[in-house]
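Spelled out from the first residue to the last, the chains are:
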Amino acid sequence: KHIDFNKEFLLLPSVKINQDLEEQFLNEIEIIDHKLINYYKGLNLDDPSFYELTCEGLPIGYAKTFTQNQYKILTEIFIIKNFRELGLGTFILNSIRTEVKKEKIPLRTVTLPSDRVAKNFYEASGITARLLLMEEKRDKPRFRS
């Protein structure tokens, strides 16, 4: 639970992701690299866990994780535009960190190197790149502002 601006924000486990929120996330991130995002959407991620962020009962964001090779992998954090810059991404990340510590497994995150928004967020939160997946350079610049 997180309280700010006299509003209560809850992050709760969910059976699935709210489709409207997931669609908003994929539309935003697809700007970076349509082919790569289509590849990502086709991945079969084992043992997924979903978390829904609500404000006074309305869904305003989510997170997606899965477990792989003794790691909890955080693949998505999304918050709708009207609720960004309120510290809710940090609230979600710290909530997942607390859960992962209870499970006694390390946390990893996945983001595109050209996604400066996500990269800057994770670095400000004490997460740094340990592995870069490299491929042929493309003609079109890829970034999200």
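Data block above holds the structure.
Remember, it's a predicted structure, so these values are computed and weren't measured experimentally.

## Things to note about the overall build of the protein
- Scanning the protein for helices and strands turns up 4 helices and 6 strands.
- Put simply, the protein runs from its N terminus to its C terminus through helices and strands in the order β-β-α-α-β-β-β-α-β-α.
- In terms of C-alpha radius of gyration, the protein reaches 15 Å, essentially the compact-globule figure of 15 Å for 145 residues.
- C-alpha atoms of the protein, sized along the principal axes, occupy 45 × 35 × 30 Å.
- Taking as baseline every contact in the protein between residues at least 6 positions apart, the subset at least 24 positions apart corresponds to 61%.
- Accessible area for the protein stands at about 9,900 Å²; split by element, carbon and sulfur atoms hold 52% of it.

## A look at the nonpolar core
- Residues L53, I60, F83 and I92 are the most contacted members of the largest nonpolar core, which totals 33 residues.
- Taken together, the elements giving at least two residues each to this core come down to strand 2 (7-14), helix 1 (19-30), strand 3 (48-55), strand 4 (58-68), strand 5 (71-79), helix 3 (88-103) and helix 4 (116-124).
- Ranked by residue count, the leading element in this core is helix 3, at 6 residues.
- The contacts of I92, once residues within four sequence positions are left out, are L11, L53, Y62, A63, I77 and I79.

## Digging into unusual backbone geometry
- Its identity is not glycine, yet E56 carries a phi of approximately 50°, on the positive side.
- By secondary structure assignment, the location of E56 is in the loop between strand 3 and strand 4.
- E56 gets classed as exposed once you look at its relative accessible area, which sits at 52%.
- In this structure, N69 is a non-glycine residue whose phi angle is positive, near 50°.

## Structural notes on the sheet that holds strand 3
- Read from one edge to the other, the open sheet built from 6 strands follows the order 1-2-3-4-5-6, with strand pairing classed as mixed. Pairing within the sheet leaves two strands with one partner each, and these edge strands are strand 1 (2-4) and strand 6 (107-109). Between one strand axis and the next, the sheet turns by 25° as a mean value, whatever way the strands run.
- Sheet topology note: the strand 4/strand 5 ladder contains 8 bridges and is antiparallel. Looking at strand 5, one finds that G61 is bridged to I79.
- Where helix 1 meets the sheet, its contacts fall on strand 4 and strand 5, and the angle it forms with strand 4 comes to roughly 75°.

Parameters and conventions
All residue numbers refer to positions counted from 1 along the written sequence of the respective chain. Note on the predicted model: pLDDT of at least 70 is required for a residue's local features to be given, and 80 or more for side-chain atom pairs to be given and counted; whole-chain, interface and lining totals, by contrast, use all residues. Here the side-chain values reflect all heavy atoms present in the structure, with hydrogen atoms and water set aside. In DSSP terms, a helix is any run of H or I states spanning at least four residues, a strand is any run of E spanning at least two, and both are numbered starting from the N terminus. A radius of gyration in this sense is built from C-alpha atoms; the matching globule rule multiplies 2.2 Å by the number of residues raised to 0.38. The criterion used for residue contact is that any of the two residues' heavy atoms lie within 4.5 Å. Here the open area of atoms and residues is found with the Shrake-Rupley method and a 1.4 Å probe, where only the protein chains shown may cover a residue. Residues grouped as a nonpolar core are buried Ala, Val, Leu, Ile, Met, Phe, Trp, Tyr and Cys residues, joined through side-chain atoms within 4.5 Å. To sort residues, take the accessible area from a 1.4 Å probe on protein chains only and compare it with the maximum for the residue type: under 20% means buried, over 50% means exposed, and anything in between is partly exposed. At least two DSSP bridges between two strands are needed for those strands to be called paired. Note on geometry: axes are C-alpha line fits, over the in-contact stretch for helices, and angles between N-to-C directions span 0 to 180 degrees.

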